[in-house]
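Residue-level structural notes
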Amino acid sequence: MSSAGGGSSSKPRAASSQPSETSSKRKRGVFQKELQHMMYGFGDDPNPLPESVALMEDIIVEYVTELVHKAQDIGSQRGKLSVEDFLYLIRKDLPKLNRCTELLSMNEELKQARKVFESDEEKLRKVFEVDNQLNDE
């Protein structure tokens, strides 16, 4: 199916039964537990077959690797990789784009909340230190 001429197909290994380059170089089973939970959440058996989990892991790792490589190609034009490079790549997949922007927004909110919490915690610590110093005198 894949030609020796090195065509620019986005899925050159789709029909191959051989493991892909990335899957043969990486440690397998790293995401096994998470994938089992996700598969169950999407309607699979609570304990899916190990072969199914391994296949899902191979597909996901290959997808993410290709996405990162494409984002690196885009980012190399500017000299750095950014979140916008990934958003650009998924711009036509609206559910993915919406979910990513939602998660990025939540992440920003969490950062702000942590900053406020750490600031408040520091203020409390100073108040307690002053209080302890006054009580010691």
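Here's a quick rundown of the structure. This structure is a prediction, so every number in the text was calculated from the model and none was measured.

Taken N-terminus to C-terminus, the directions of helix α2 (residues 32-41) and helix α3 (residues 50-76) make an angle of 100°; their axes are 10 Å apart at the nearest point. Judged on the interaxial angle alone, α3 and α2 are roughly perpendicular. Mapping the contact onto sequence places Q32, L35, Q36 and M39 in α2 and S52, V53, M56, E57 and I60 in α3.

A full pass over the atoms with the stated rule returns zero aromatic pairs. When the ring centre of Y88 is taken as origin, the NZ or CZ atom of R91, which lies over that ring, is 3.9 Å away.

Tallied over the full model, the rule gives four salt bridges. R28 is the partner of D58 in a salt bridge, and the nearest nitrogen-oxygen pair spans 3.2 Å. In this pair, D58 is assigned in helix α3 and R28 in the loop between α1 (21-25) and α2, connecting sequence segments 30 residues apart. A salt bridge links R99 to E102; the nearest nitrogen and oxygen atoms lie 3.5 Å apart. A residue pair is termed a helical-turn pair when its members lie 3 or 4 positions apart in one helix, as R99 and E102 do in helix α5 (residues 94-136) at three residues. Residue R99 is classed as partly exposed on the basis of its relative accessible area of 42%. E102 sits in the partly exposed class, given a relative accessible area of 39%.

Our focus in this paragraph is the environment of K80. Counting through the fold element by element, K80 comes out in the loop between α3 and α4 (83-89). The class for K80 is exposed, based on a relative accessible area of 56%. Dropping the residues within four chain positions of it, K80 is found in contact with G75 and D85.

This paragraph deals with α2. For an α-helix the count is 3.6 residues per turn, leaving residues at separations of three or four pointing the same way. Within α2 the residues assigned to the buried category are L35, Q36 and M39. Taken around the axis of α2, the buried residues stretch over an arc of 105°, which confines them to a single face. Along α2, exposed side chains directed more than 90 degrees from the buried face belong to K33, H37 and G41. The secondary structure elements touched by the buried residues of α2 are α3. With its phi angle positive at about 105°, G43 sits one or two positions after the end of α2.

Reading the values: rules and limits
Residues numbered from 1 in each chain as written. Predicted model: local features only at pLDDT ≥ 70, side-chain atom pairs only at ≥ 80, totals over all residues. Heavy atoms only, no water. Axes fitted to C-alpha atoms, helices over the stretch in contact; angles between N-to-C directions. Helix = DSSP H or I, 4+ residues; strand = E, 2+ residues; numbered from the N terminus. Parallel < 35°, antiparallel > 145°, perpendicular 65-115°, else oblique. Contact = heavy atoms within 4.5 Å. Phe/Tyr/Trp six-rings, centres within 6.5 Å; stacked < 30°, edge-to-face > 60°. Lys NZ or Arg CZ within 6 Å of the ring centre and 35° of its normal. Salt bridge = Lys/Arg side-chain N within 4 Å of Asp/Glu carboxyl O. Buried < 20%, exposed > 50% of the residue type's maximum accessible area, 1.4 Å probe, protein only. Arc of directions from axis to C-beta.

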